[in-house]
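Summary of the model geometry
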Amino acid sequence: IHTYMDQPEGKPSAFLRLLLERVGDELTTSELDVLFGLDDLESPETRRSRRSRSIHVANLESNALFGRPIIERTKSAADKRMVVYLIQDVTDDNGS
C-alpha cells in the first residue's frame, strides 16, 4: 500500500502524482488493478481488498491536499452492474 505520510507537507506522493496524470480517465476494475500493480495477484479477494485500501489511501491524501477525493466509484453507463473509477481533477478550483 502506498503512503503519503513521509511526503513533505503539501507535496503529493508519487502514487498521487501517478493518478494526477490520469485525470479525466474512467478506468475499469482491471485497468485500475494494473495501474495499482495488483494485476499479478492470484486471489480475487486479495486484489479487491488491496484495491479498496489503495483507493482509500489515495482519497485520504487527496482530501488532505486538495479538499476532495481523487477517485470516484460510479456505475458504468454501459452496464449498471459494473463499477468504473473516475479520476477527478482535484487541482481544479471549481471543485468539479
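The following paragraphs examine the structure supplied in this document. Since this is a predicted model, take the numbers as computed values, not measurements. (Residues numbered from 1 in each chain as written. Predicted model: local features only at pLDDT ≥ 70, side-chain atom pairs only at ≥ 80, totals over all residues. Heavy atoms only, no water.)

1. Let's talk about the pattern of salt bridges
In this structure the tally under the stated criterion is four salt bridges. Between Arg81 and Asp79 there is a salt bridge, and its shortest N-O distance comes to 2.9 Å. Owing to a relative accessible area of 72%, Arg81 belongs among the exposed residues under this scheme. Overall, Asp79 belongs to the partly exposed group, its relative accessible area being 23%. Here the salt bridges do not stand alone but share partners, grouping Asp33, Arg47 and Arg51 into one network. (Salt bridge = Lys/Arg side-chain N within 4 Å of Asp/Glu carboxyl O. Buried < 20%, exposed > 50% of the residue type's maximum accessible area, 1.4 Å probe, protein only.)

2. A short note on the packing of aromatic side chains
Under the criterion given, the structure shown has one aromatic pair. Ring centres of Phe15 and Phe36 lie 5.3 Å apart, and the angle between their planes is 50 degrees; on these two criteria the pair is classed as tilted. Linking Phe15 in helix α1 (residues 14–20) with Phe36 in helix α2 (residues 29–36), this pair joins segments that are 21 residues apart in sequence. Each member of the pair, Phe15 as well as Phe36, is classed as buried. (Phe/Tyr/Trp six-rings, centres within 6.5 Å; stacked < 30°, edge-to-face > 60°. Helix = DSSP H or I, 4+ residues; strand = E, 2+ residues; numbered from the N terminus.)

3. A short note on the sheet that holds strand β1 (residues 26–27)
Taken together, the three strands give an open sheet; going across it, the order is β1-β3-β2, and neighbouring strands pair in antiparallel fashion. Each edge of the open sheet is held by one strand with a lone partner, namely β1 and β2 (71–75). Here five bridges tie β2 to strand β3 (residues 83–87), and the two strands are oriented antiparallel to one another. Note that in β3 the partner of Glu72 across the bridge is Leu86. Most of the contacts of helix α3 (residues 44–66) go to β2, to which it runs at about 130 degrees, and overall it touches β2 and β3. (Pairing = 2+ DSSP bridges. Contact = heavy atoms within 4.5 Å. Axes fitted to C-alpha atoms, helices over the stretch in contact; angles between N-to-C directions.)

4. Digging into the environment of Leu18
Within the fold, Leu18 resides in helix α1. Accessibility expressed as a relative area gives 31% for Leu18, which makes it partly exposed. Sequence-wise, Leu18 and Leu35 are 17 residues apart; in three dimensions their C-alpha atoms are separated by 8.6 Å.

5. Some thoughts on α3
Along an α-helix, residues three or four positions apart point the same way, because every turn accommodates 3.6 residues. For α3, spanning 23 residues, the distance from its first C-alpha to its last is 32 Å, which sits close to the expected 33 Å at 1.5 Å a residue. When we look at burial in α3, the residues that qualify are Arg47, Arg51, Ser54, Ile55, Val57, Ala58, Asn59, Glu61 and Ser62. Where α3 is buried, its residues contact α1, α2, β2 and β3. Looking at the residues trailing α3, positive phi occurs at Gly67, about 85 degrees. (Expected span 1.5 Å × (residues − 1).)

6. Quick look at the side chain of Arg51
Among the secondary structure elements, Arg51 is positioned in helix α3. At 2.7 Å, the side chain of Arg51 and the side chain of Asp33 are in polar contact. Ignoring any residue separated from it by four or fewer positions in sequence, one finds Arg51 in contact with Thr29, Leu32, Asp33, Phe36, Leu38 and Tyr85. (Polar contact = N/O pair within 3.5 Å; in protein donor to acceptor, adjacent residues only side chain to side chain.)

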